[in-house]
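Summary of structural features
Residue-level listing of the chains:
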Amino acid sequence: MQTNKILLPVFLFSCLSAFSQISFGDSNKINDNWKFNLQDVSDAKNVSFDDSKWKQVNVPHDWSVKGQLSPTLASSTGYLPGGIAWYRKAITIPQSKAGEKVYLYFEGIYNRSEVFINGHSLGKRPNGYISFAYDATEFVKYGGENTISVRVDHSQSADSRWYSGSGIYRNVWIVYANPVHIAQWGVYAYPEVKKGSGILNIEVDLENSSKTNAGLTIVNELFSKDGKSVAKVSSKVQVAANQKGKIAAKINLRNPQLWDLENPNLYELKTTVLQDGKEIDKTVTQTGFRTFEFDPNNGFALNGKWMKMKGVCLHHDAGVLGSAVPREVWKTRLQTLKEIGVNAIRTSHNPQAPDFYELCDELGLLVLNEAYDEWEFPKRKWLEGWNYGKPGFEGSFDIFADWAERDLEDFVRRDRNHLSVFAWSIGNEVDYPNDPYSHPVLDKGTNGFGQAAYGGYKKEAPDAMRLGAIAKRLVAAVKKYDKSRPTTAGLAGVAMSNETEYPGALDITGYNYTESKYQSDHEKYPKRVIYGSENTHNMEPWLAVKNNKYIFGQFLWTGIDYLGESGRWPSRGFYSGLVDFAGVIKPRGYFRQSLWSDKPMTYLGTYVWTNDKDISKDAWAIWNYDEGQKIRVVCYTNAAKARLELNGKVVGETKLYDDKTGIIYWDIPFSSGKLEAVGLDKNDKEVSRYAIHTTQQPVELTIDNKNSGISKDKGVAKIMVQVKDQNGLPVMLSDNEITCTISGNGTLLGLEAGNNTDMTDYTDNVQRVFHGHIAAYIQANGTAEPIKVKFTSQWLKPVEVTINVE
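Residues numbered from 1 in each chain as written. Predicted model: local features only at pLDDT ≥ 70, side-chain atom pairs only at ≥ 80, totals over all residues. Heavy atoms only, no water.

1. Points about the overall build of the chain
When its secondary structure is counted, the chain shows nine helices and 46 strands. Relative to the compact-globule value of 28 Å for 806 residues, the chain shows a C-alpha radius of gyration of 27 Å, a close match. In the chain, which comprises 806 residues, the proportion classed as buried is 61%. Long-range contacts, defined as pairs at least 24 residues apart, comprise 69% of the intrachain contacts of the chain with a sequence gap of at least 6. Accessible surface computed for the chain: about 30,800 Å², of which carbon and sulfur atoms make up 48%. (Helix = DSSP H or I, 4+ residues; strand = E, 2+ residues; numbered from the N terminus. Rg over C-alpha atoms; globule rule 2.2 N^0.38 Å. Buried < 20%, exposed > 50% of the residue type's maximum accessible area, 1.4 Å probe, protein only. Contact = heavy atoms within 4.5 Å. Areas by Shrake-Rupley, 256 points an atom, 1.4 Å probe, with all protein chains shown as cover.)

2. Some thoughts on the packing of aromatic side chains
The geometry of an aromatic ring pair is captured by the separation of the ring centres together with the interplanar angle, meaning the angle of the planes. For the structure on display, the rule yields 40 aromatic pairs. Where Tyr267 meets Phe289, the ring centres are 5.5 Å apart and the plane angle is 90 degrees; that geometry is what we call edge-to-face. A residue pair is termed long-range when its members are at least 10 positions apart, and Tyr267 in strand β17 (residues 267–275) and Phe289 in the loop between β18 (278–287) and β19 (290–295) qualify at 22 residues. Phe289 matches Tyr267 in its accessibility class, with the two residues each being buried. Considering the side-chain rings of Tyr531 and Phe555, the 6.2 Å spacing of their centres and the 75 degrees angle between planes classify their relative orientation as edge-to-face. Of this pair, Tyr531 sits in strand β28 (residues 530–535) while Phe555 sits in strand β29 (residues 551–556); the two residues are 24 residues apart in sequence, bridging distant segments of the chain. Classification of Tyr531 as buried rests on a relative accessible area of 0%. For Phe555, a relative accessible area of 0% gives the class buried. For Arg333, the ring lying beneath its charged end belongs to Trp330, and the centroid distance is 5.8 Å. Note that Arg592 overlies the ring of Trp596, its terminal NZ or CZ placed 5.1 Å from the centroid. (Phe/Tyr/Trp six-rings, centres within 6.5 Å; stacked < 30°, edge-to-face > 60°. Lys NZ or Arg CZ within 6 Å of the ring centre and 35° of its normal.)

3. Brief notes about the sheet that holds strand β36 (residues 664–669)
As summarised here, the arrangement of the three strands in space is β32-β33-β36, forming an open sheet in which the pairing is antiparallel. Single-partner strands in this sheet number two, and they are β32 (602–608) and β36. Averaged over all pairs of adjacent strands, the angle between their axes in this sheet comes to 25 degrees, without regard to strand direction. In the sheet, β32 pairs with strand β33 (residues 630–637) via seven bridges, with the strands oriented antiparallel. Residue pairing for β33: Thr606 is matched across the bridge by Val633. (Pairing = 2+ DSSP bridges. Axes fitted to C-alpha atoms, helices over the stretch in contact; angles between N-to-C directions.)

4. So, empty space enclosed by the protein
The final tally for this structure, using the stated rule, is five cavities of 30 Å³ or more. What the largest cavity holds in volume is close to 340 Å³. Of the residues that constitute the lining of the largest cavity, the class distribution is 12 nonpolar, eight polar and seven charged. (1 Å grid on protein atoms, 1.4 Å probe; cavity = no way out; pocket = protein on both sides within 12 Å on 5 of 7 lines; lining within 4 Å. Points joined across faces, edges and corners; volume = space filled by probe spheres on them. Nonpolar A, V, L, I, M, F, W, Y, C, P; charged D, E, K, R; others polar.)

5. Concerning helix α3 (residues 400–415)
Taking 1.5 Å of rise per residue, the 16 residues of α3 would be expected to cover 22 Å, and the 21 Å separating its terminal C-alpha atoms lies within 8% of that figure. Burial in α3 covers these residues: Phe400, Trp403, Ala404, Asp407, Leu408, Glu409, Asp410, Phe411, Val412, Arg414 and Asp415. (Expected span 1.5 Å × (residues − 1).)

6. Quick notes on the sheet that holds β17
Spatially, the four strands line up as an open sheet ordered β15-β14-β17-β18, and their pairing is antiparallel. Among the strands making up the open sheet, the edge pair consists of β15 (229–239) and β18. Ignoring strand direction, the axes of neighbouring strands in this sheet form an average angle of 15 degrees.

7. Concerning the nonpolar core
Within the largest apolar cluster, 124 residues are counted, with the highest numbers of intra-cluster contacts made by Leu334, Trp375, Ile426, Trp623, Ile719 and Phe791. Looking at which element gives the most residues to this core, the answer is helix α4 (residues 466–481), with seven residues. (Core = buried A, V, L, I, M, F, W, Y, C linked by side-chain atoms within 4.5 Å.)

8. A few points about the state of the cysteines
Evaluation of the coordinates by the stated rule reveals zero disulfides. Of all cysteine sulfurs in the structure, the one in Cys313 sits closest to Cys360, which takes part in no disulfide; the separation is 13 Å. (Disulfide = S-S within 2.5 Å.)

9. A word on the side chain of Asp561
When you line up the elements, Asp561 lands in the loop between β29 and β30 (562–563). A relative accessible area of 1% places Asp561 in the buried class. Side chain to side chain, Asp561 and Lys586 meet in a polar contact 3.0 Å long. Setting aside its immediate chain neighbours within four residues, Asp561 contacts Phe574, Tyr575, Ser576, Gly577, Val579, Asp580, Phe581 and Lys586. (Polar contact = N/O pair within 3.5 Å; in protein donor to acceptor, adjacent residues only side chain to side chain.)

10. Examining helix α8 (residues 539–546)
Within the span of α8, buried status applies to Met539, Pro541, Trp542, Ala544 and Val545. Buried residues in α8 make contact with β22 (309–313), α7 (518–524), β28, β29 and α9 (587–596).

11. With respect to the environment of Val421
Counting through the fold element by element, Val421 comes out in strand β25 (residues 421–428). Exposure remark for Val421: the relative accessible area of 0% places this residue in the buried category.

12. Quick look at the confidence of the model for the chain
Summary statistics for the chain give a mean pLDDT of 94 and a share of 96% for residues scoring 70 or more. Mean pLDDT in the chain bottoms out at strand β1 (residues 6–10), which sits at 34, and peaks at strand β23 (residues 344–346), which reaches 99. Scored below 50 in pLDDT, residues 1–20 makes 101 contacts in the model with residues more than four places away or belonging to other chains. Considering only residues more than four positions removed or in separate chains, one finds that residues 446–451, a stretch of pLDDT under 50, has 16 contacts. (pLDDT = per-residue confidence, 0-100.)

13. Describing the side chain of Ser149
The residue Ser149 is located in strand β10 (residues 144–154) in this model. When its relative accessible area of 0% is taken as the criterion, Ser149 is described as buried. A distance of 3.4 Å separates a polar atom in the side chain of Ser149 from a polar atom in the side chain of Arg88. Contact partners of Ser149, with chain neighbours within four places excluded, come to Ala44, Lys45, Trp86, Tyr87, Arg88, Glu114, Val115 and Phe116.

14. A short note on the pairing of strand β27 (residues 509–512)
Of the two faces of β27, the one carrying Thr509 and Tyr511 and the one carrying Gly510 and Asn512 are both buried. Relative to β27, strand β26 (residues 487–491) runs parallel, the two sharing two bridges. What sits directly across from Gly490, in β27, is Gly510. Both β27 and β28 contribute to a ladder of four bridges, which runs parallel. By the bridge assignment, Gly510 is partnered in β28 with Tyr531. A crossover links β27 with its parallel partner β28, the connecting element being α7, and its sense is right-handed. (Right-handed = clockwise from strand over helix to strand, strands pointing away.)

15. Regarding the packing of helix α1 (residues 327–340) against helix α2 (residues 354–363)
Where α1 contacts α2, the two axes come as close as 10 Å, and the packing angle between them is 40 degrees. Our classification of the angle between α1 and α2 gives oblique. α1 and α2 meet at a crossing whose hand is right-handed. Taken together, the residues of α2 that come into contact with α1 (itself represented by Arg327, Trp330, Lys331, Leu334, Gln335 and Lys338) are Asp355, Phe356, Glu358, Leu359, Cys360, Glu362 and Leu363. Class assignment for the residues of the contact of α1 with α2 results in six nonpolar, one polar and six charged. (Parallel < 35°, antiparallel > 145°, perpendicular 65-115°, else oblique. Left-handed = near helix turned anticlockwise from the far one by under 90°.)

16. Concerning the pattern of salt bridges
Overall, the coordinates contain 44 salt bridges when judged by the stated rule. Salt-bridge contacts for Asp51 lead to Lys35; the nearest nitrogen and oxygen are separated by 3.8 Å. One end of the pair, Asp51, is in the loop between β3 (34–37) and β4 (55–57); the other, Lys35, is in strand β3, with 16 residues separating them in the sequence. A salt bridge links Asp135 to Lys101, with the nearest nitrogen and oxygen atoms 2.7 Å apart. Linking Asp135 in strand β9 (residues 132–135) with Lys101 in strand β6 (residues 101–106), this pair joins segments that are 34 residues apart in sequence. (Salt bridge = Lys/Arg side-chain N within 4 Å of Asp/Glu carboxyl O.)

17. Some words on the environment of Val789
Take Val789: it is sitting in strand β45 (residues 787–793). Given a relative accessible area of 0%, Val789 falls into the buried group. Considered as a pair, Val789 and Leu748 are 41 residues apart in the sequence and their alpha carbons are 9.3 Å apart. Residues in contact with Val789, not counting those within four places in the same chain, are Ile719, Cys740, Thr741, Ile742, Ile778, Val799, Glu800, Val801 and Ile803.

Below you can see the structure in the form of structure tokens.
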């Protein structure tokens, strides 16, 4: 249904017990000490199978990123391998748990997995991004050892347009529950805010797997962030034997603290199930109060305040870490993006790990939650370099008919309580012209995206008219479990899709790289809410948002560099991020900060002058050239104007900020020393300053960040090593080879310098720096003892750091 104005209350979910996604029972992670074998073994499901020679690993685990890069492998997935592998783990289930239900919960396995316990198959799940649980009760041995076996089939290693990873790459949990308990993802809480008062609507789904009827009392109690109880409501329900039940309740709260981007205020909802006065199940849900509004003429409002979404698209890998990304790493990455001025994330093009959403809730970032990149037919997957050579057509299309609605429903149920999630995207570029769908309109070539360049209408291709019917099915699956948010999709062939029912099936409509259609479609479809769901880093797409209040935001491609979708060898991935693989802000990140951040900032970068009139090139913070060489000095700032100084003397006249380009620049001859850009307000008062220096030869390694401490339970520290000269200045031009050695009970997860063309092994302990820096990821292994980490390089003074483990 095409909507005119959408006023939607939303909420936040995140169980504070150990098992945050399933929301019932007593749960524990079972990530340690799995056995792993990268080959298909027919009898590996059997309890008696001898896995003593298999490799021992901890999950989350991504085997692809540890594989050998090769130009013979698919560029789409980063020239890294897939394959078929098995995981096995022995667990003891206490005799004291007899009579309780036992579930195994997997946050994500890529992909086409099958899970066994004690040789019995619990089920298959082909989608590698969906979380799922199995009831293992029937086959477990209480008081004895039980064997979990998992087969992972990523033999279609080029099944994605980007790097997916392979294996059990997210957390695994075991859950014990009373036969009468809250259902998986069974607490649903969503608020309304009216005239300063909040109403928290609560639904609780219950399951009774016992042989007797259950009379239950469900208590929902709301706590403020300081732990004070602010409201409480009780409900009674009868749930018949082997049946499901449900209660609905409301909590009223005067003058609630609202969740917003600057102050993400949270509450805690404690849900307790009582039977005969005894507690038999409970969960804690983080929740909050906020509203949002979408309007075809005014855009988007959060808590009644109209604003622009300054968004980025993000894939789920982290360079050397692959798809098994620790929570701490995601936190620093999201904080860096927020420092730039980003306020919204698009999960391109699949559900992320639960940690990701919890962090967005806590940090105050909006999330466009996306489910699919392809539907019933495959897209092209580039094998020899992005948009080069002959593509492949492996993918997930073959599971769409059987799994699309179920996967989407589980996706919504898992994430529907996250306040950060503002919309559900059912697809990305599934309407790309002739990849695979086609329509006669492509022969007309009357659009702003140039569809005629795709060879015109192809009668033999799938009919684009199918898009509308599929979209309606998927939207219905979303609305079945959450009506509080709009549905959307990222449209690539807008002119083609406009001939179908596809856009009309959506509540809000995303346009990928089709800014030229904004005005005409706004006039032609006056009830359509439009935004940029995927955009380049150029100034023009941002001005189309900034200068038109009916466009509520944009999502840059991309926020952080990612593996896969690589260019021709050598290329690890796509290098268009504001931030590199190592989490370091790139020049284009500072440019975006000048456009999006409210905090005063100035950045200075340079490159050798050419006759090229393009001033949007990445300008790195380097001031080392030949004496007298003509250099273009580029300044990104949100100040009203800026001037350029060299060794304290003005060498570049004060220039006004250019609203059309966002860039101030000067062309000057190189002379060594300290080069500074000074940001000035309209009254010529200094508001910001940025300096770069001529550096000498590298002499030492230093550590630029200090880790205060990490958890002994697989906590991860990120150590940033910088090469510096005799004056203590970072040497951006250095590419020294670094060796990392560890003393203590810690593991080096990998070294990441952020160099997209370095195809050497990033998972060992030797790597070259890039732009003078490299990041090391160190993980604790379960004991509270310090970890000493030393970095050495030939001819350079080494550096050592001690990580406190608590």
